[in-house]
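# Commentary on secondary and tertiary structure
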Amino acid sequence: MQRIPVVMDVDTGVDDACALLLAAQHPELDLRAVTCVGGNTDVDQVTRNTLAVLDIAGRPEIPVARGAARPLIERAVHARHVHGDDGMGDLGWVQTDREPDRRHAVELLHNVLTTSPDPITLVPTAPMTNLALLARTYPDAMRGLGRIVFMGGAAHRGNATASAEFNVFHDPEATAIVLDAATEFGIPVTMYGLDVFYAPTVTRAQAKRLAASVSPATRLAGELVEFQCDRFESEQATIGDAGAVCVVADPEGVATTSLPVRVELAGTWSRGRTVVDVRDWSGDLAHDPHGRADAVIDVALEVDGPRYADLWLRTVGR
Ligand code: RIB
Ligand code: CA
């Protein structure tokens, strides 16, 4: 079996942890490296969280590098009100003696992308600051990418604001740079945004069963979902960022449409919005001063939620 080489860029984060547990343990995925960026919490905490999750998953050999502390232009805004003070639900799991890779995230990405004999699938589940820095510092390294599947954006509603999804809102310029670079190098991009993000859900009862396991990785997975059920006062919770990893492991579970996408970089109310152009281009659009966006990407508009939830449950419950 040919495993799919994957690199993740994360802001761990409760649901990034769910995504890492899946990517680190799925038998068809070959997680080669993980880079960290400030987002849900500060980058040092993100790095500790990521090391801890990979330790717990029994994958301490995967290199983890610290990256950008703040977005290209904006100040960092954290989401500790959602993810807890330690970004992992304050559940007591963040213990690691391991140090991150000595290289900056951009250097680790450059090394992995330029030395891999096979094209890498990049899965960002965080603001894309590290990736924009990579694209500007080492543009040719982008040639090492076979595909980008990112969690971010939305064709419809936002979450950080009415218009914008958190990851893109946090660093809109970075997302614009990455979409631009992907277009320049012909890298296929799939946007796993808020239109599908909430669909794969795990029930509190399923999480409780995981949390009772003797395996620490399975217990962590269960406790993360239980935390979210408590936090949102619900009997079920989304696997969130883990859905983007499911897209790589099981592409048939998602329906995408190829659409032009721009990132709103100005806007009074809409900065950070992914403007997904669903117009019928056969009509007369001569009055549109903008024309069609250069970046035409695969936007996930429907997902088989139970299928992805089941994939996650089976993998983290092994
Ligand atoms: O907007 C969803 C994103 O923000 C995800 O990457 C998740 O980690 C959340 O906090
Ligand atoms: Ca995230």
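Below you will find a few notes about this structure. The structure presented is a predicted model; accordingly, all values stated were derived computationally and were not measured. (Residues numbered from 1 in each chain as written. Chains lettered and ligands numbered in written order. Predicted model: local features only at pLDDT ≥ 70, side-chain atom pairs only at ≥ 80, totals over all residues. Heavy atoms only, no water.)

## Let's talk about the pairing of strand E4 (residues 120–124)
- By the criterion of burial, E4 is predominantly enclosed, with 5 of the 5 residues buried.
- Residues of E4 alternate between two faces, with Ile120, Leu122 and Pro124 on one and Thr121 and Val123 on the opposite face, all of them buried.
- Sheet topology note: the strand E1 (residues 4–10)/E4 ladder contains 4 bridges and is parallel. The partner of valine 6 across the bridge, within E4, is threonine 121.
- Handedness of the crossover joining E4 and strand E5 (residues 145–151) through helix H5 (residues 129–137): right-handed. (Buried < 20%, exposed > 50% of the residue type's maximum accessible area, 1.4 Å probe, protein only. Helix = DSSP H or I, 4+ residues; strand = E, 2+ residues; numbered from the N terminus. Pairing = 2+ DSSP bridges. Right-handed = clockwise from strand over helix to strand, strands pointing away.)

## Quick look at the packing of helix H9 (residues 204–211) against helix H10 (residues 216–231)
- Two elements in contact, H9 and H10, have axes whose closest approach is 7 Å; the angle formed by their N-to-C orientations is 145 degrees. Crossing of H9 against H10: the hand is left-handed. Judged by residue contacts, Arg204, Ala207, Lys208, Leu210 and Ala211 of H9 engage Thr218, Arg219, Ala221, Gly222, Glu223, Val225, Glu226, Cys229 and Asp230 from H10.
- Residues belonging to the contact of H9 with H10 are distributed by class as follows: 6 nonpolar, 2 polar and 6 charged. (Axes fitted to C-alpha atoms, helices over the stretch in contact; angles between N-to-C directions. Left-handed = near helix turned anticlockwise from the far one by under 90°. Contact = heavy atoms within 4.5 Å. Nonpolar A, V, L, I, M, F, W, Y, C, P; charged D, E, K, R; others polar.)

## Points about the nonpolar core
- Ranked by internal contacts, the top residues of the largest apolar core, which has 63 residues, are Met8, Leu21, Leu31, Val34 and Trp312.
- Among the elements that make up this core, the one with the highest residue count is helix H1 (residues 14–25) (9 residues).
- If sequence neighbours within four positions are ignored, methionine 8 has contacts with Ala19, Leu20, Ala23, Leu31, Ala33, Val34, Thr35, Val123, Thr125 and Val245.
- If you look at the next biggest cluster of nonpolar residues, it comprises 39 residues, including Ala105, Ala135, Ile177 and Val263. (Core = buried A, V, L, I, M, F, W, Y, C linked by side-chain atoms within 4.5 Å.)

## Observations concerning the pattern of salt bridges
- Under the definition given, this model contains 17 salt bridges.
- For arginine 32, the salt bridge identified is with aspartate 118, shortest N-O distance 3.5 Å. Note that arginine 32 is positioned in strand E2 (residues 29–36) and aspartate 118 in the loop between helix H4 (105–115) and E4, a separation of 86 residues in sequence.
- Judged by its relative accessible area of 26%, aspartate 118 falls in the partly exposed class.
- We note a salt bridge from arginine 66 to aspartate 44, for which the minimum N-O separation is 2.6 Å. A residue pair is termed long-range when its members are at least 10 positions apart, and arginine 66 in strand E3 (residues 64–66) and aspartate 44 in helix H2 (residues 43–56) qualify at 22 residues.
- With a relative accessible area of 36%, aspartate 44 lands in the partly exposed category. (Salt bridge = Lys/Arg side-chain N within 4 Å of Asp/Glu carboxyl O.)

## Section: the sheet that holds strand E9 (residues 254–263)
- With mixed pairing, the 9 strands of this open sheet are ordered in space as E3-E2-E1-E4-E5-E6-E11-E9-E10. Strands at the two margins of the open sheet, each flanked by one partner only, are E3 and strand E10 (274–276). Sheet twist, expressed as the average angle between the axes of neighbouring strands with direction ignored, equals 30 degrees.
- Relative to E3, E2 runs parallel, the two sharing 3 bridges. Bridge pairing in E3 places cysteine 36 opposite arginine 66.
- Relative to the sheet, helix H7 (residues 172–185) contacts E5, strand E6 (189–192), E9 and strand E11 (296–303), its axis offset from that of E9 by approximately 110 degrees.

Everything listed here is a matter of geometry and, on its own, says nothing about what the molecule does.
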